[in-house]
Amino acid sequence: MIIHIIINNSDYFKRDVEVLIQWNIPFIPRVSESIHPMLLINQESFSINSFFEALTEEAKENFMSFVKREQKSFDVCFKEWIEDILSTYLVKDVKYAPLKKNSIDIIPQIYLDDE
């Protein structure tokens, strides 16, 4: 089953960030539960560039300081840093929507938020 994950804008993100993930568990997450960040990061649809572009300027500065301290590649550091950030996010809402605009196929949309 495909699940559409939407990470709401917050102190870290200036806009919502979206990832489609392959979900192999027979039930979907409920409100107030967490989703391990690696389930998002390990998806083909996870884009470091789109996540980085969605970061606030303060979050980008925080990340660049992390890169300087860690002295690893940008991609490796970003995955470690974003895993730490997303570990605080919980499911805020679950909605069901068509897979595509004129489709009758329905997928769950899971909204994550850090509040």
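Residues numbered from 1 in each chain as written. Predicted model: local features only at pLDDT ≥ 70, side-chain atom pairs only at ≥ 80, totals over all residues. Heavy atoms only, no water.

Novice: Any chance you could break down the pattern of salt bridges for me, citing the residues and the numbers?
Specialist: When the charged atoms of two side chains with opposite charge come close together, those side chains can pair. For the coordinates displayed, the defined rule picks out five salt bridges. Taking the shortest distance from any N to any O, the salt bridge between Glu-70 and Lys-72 comes out at 3.8 Å. Here Glu-70 falls in the partly exposed class, since its relative accessible area comes to 31%. The salt bridge involving Lys-95 is made with Asp-93; its shortest N-O contact spans 3.8 Å. The class for Lys-95 is partly exposed, based on a relative accessible area of 39%. Here Asp-93 falls in the partly exposed class, since its relative accessible area comes to 30%. In this structure, a network of salt bridges that share partners links the residues Glu-70, Lys-72 and Glu-80. (Salt bridge = Lys/Arg side-chain N within 4 Å of Asp/Glu carboxyl O. Buried < 20%, exposed > 50% of the residue type's maximum accessible area, 1.4 Å probe, protein only.)

Novice: Break down the side chain of Gln-109 for me, citing the residues and quoting the values.
Specialist: Along the chain, the position of Gln-109 falls in strand E4 (residues 106-113). At 3.3 Å, the side chain of Gln-109 forms a polar contact with the side chain of His-4. Look past the residues within four positions of Gln-109 in its chain and what remains in contact with it is His-4, Ile-6, Asp-93, Val-94, Lys-95 and Ala-97. (Helix = DSSP H or I, 4+ residues; strand = E, 2+ residues; numbered from the N terminus. Polar contact = N/O pair within 3.5 Å; in protein donor to acceptor, adjacent residues only side chain to side chain. Contact = heavy atoms within 4.5 Å.)

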